[in-house]
Amino acid sequence: MLVSVITTTYNRDKLLLRLFNTLQKQSNYNFEWVVIDDGSDKKFQEAFSEIEKTETIFKKRIFHQCNQGKHAALNNAFNHIKGEVTVIIDSDDIVLPNTIDTIIKKWTNSRLADPTLAAIIFERGTESGEPLNIIKDNNKRANINQYRYFNNLNGDLAETYKSSIIKKYHFPVQKNEKFLSEDYVWIDIGRKYDAIFYHQILYQTKYLSSGLTHDIHQIMWNNPIGSLMNTEKRVGIRVPFKLQIKFNIMFEIFVRRNKLSLTKELRKTKYPKLAIVLWPVSFLVYCYYHLKYGEKNDEAN
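Since the model is a prediction, treat every value here as computed from it, not as a measurement. (Residues numbered from 1 in each chain as written. Predicted model: local features only at pLDDT ≥ 70, side-chain atom pairs only at ≥ 80, totals over all residues. Heavy atoms only, no water.)

Points about the nonpolar core
Residues I121, W186 and I189 are the most contacted members of the largest nonpolar core, which totals 32 residues. Looking at this core, the elements that each hand over two or more residues are β2 (31-38), α3 (70-78), β6 (117-125), α6 (144-150), α7 (163-166), α8 (183-192) and β9 (194-205). When near neighbours in sequence (up to four residues on either side) are disregarded, I121 contacts I135, I144, L157, A158, E159, A195, I196, F197 and Y198. Counting 29 residues, the second largest nonpolar core, distinct from the first, contains L23, F58, V85 and V87. (Core = buried A, V, L, I, M, F, W, Y, C linked by side-chain atoms within 4.5 Å. Buried < 20%, exposed > 50% of the residue type's maximum accessible area, 1.4 Å probe, protein only. Helix = DSSP H or I, 4+ residues; strand = E, 2+ residues; numbered from the N terminus. Contact = heavy atoms within 4.5 Å.)

What about unusual backbone geometry?
Most peptide bonds are trans, and most residues other than glycine sit at a negative phi. Non-glycine residue N152 carries a positive phi angle of around 60°. The residue N152 is located in the loop between α6 and β8 (158-162) in this model. In the Ramachandran plot, K259 falls in the positive-phi region, its phi being about 60° despite a non-glycine side chain. For K259, a relative accessible area of 66% puts it in the exposed group.

Here we look at the pairing of strand β3 (residues 59-65)
As paired strands, β2 and β3 are joined by seven bridges and run parallel to one another. Its bridge partner lying in β3, I36 is registered against F63. Handedness of the β-α-β unit built from β2, helix α2 (residues 45-53) and β3 comes out right-handed. (Pairing = 2+ DSSP bridges. Right-handed = clockwise from strand over helix to strand, strands pointing away.)

What follows is the structure, encoded as structure tokens:
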């Protein structure tokens, strides 16, 4: 079995080299590393040159594109992967020595052949080895969306996907916008497929102040079309009541942000009555964001 490791990167030379060094220490080398450079500045290109000239047991391929955002870089990567299973590992992540071996052992031939199974999902760990989100069950099979949302697993996990399925999904790219949450695709996959969940850390993550998770609300505000598209996805699925409130408020904020009519947009939410009740609340939150972030449409990457 071949695993495709996807890394999208933007101006992160030292971090990319650190990840590269950990990939070279794997106990199992049945993987390829597909790197998408999302328009890094020239001063960061030396790292790519160093990686390309270094001999490795595993195959590595680096592609360069104009700066369009991580979601566009993932579209590019999906067109190049050759493995049966795909895992997205960011440049600020650190793989453990057994990361690839764990993926291969969990994905047996029978699981690859199962048409209703799309993913095997693990935990991400902090640098100190603590899980960012705890999966309470082990070897639990369930619908992806239902299990995540009803078990309070709203943060980052370590997902491994069947490549034949993930290749069918792509992120829409909007002109002058450089952010669209990965949930946009993961929710669609979760509408149709199951996953197996493991209480086990697959790799470690360190969030940086320059990363996408830093002040995510500002990044969403500065990319209003993509944010509206993503909130539409979220209000269209069944989730616990607290998340219904949160998702509908965010949806209504970006209906306003895009200057659209609420009455026309209400049919896109699974809970239209709740959306009407929350309209005054969402207006107040919208005003707060407007005062905090203004109308500026900065680049977010």
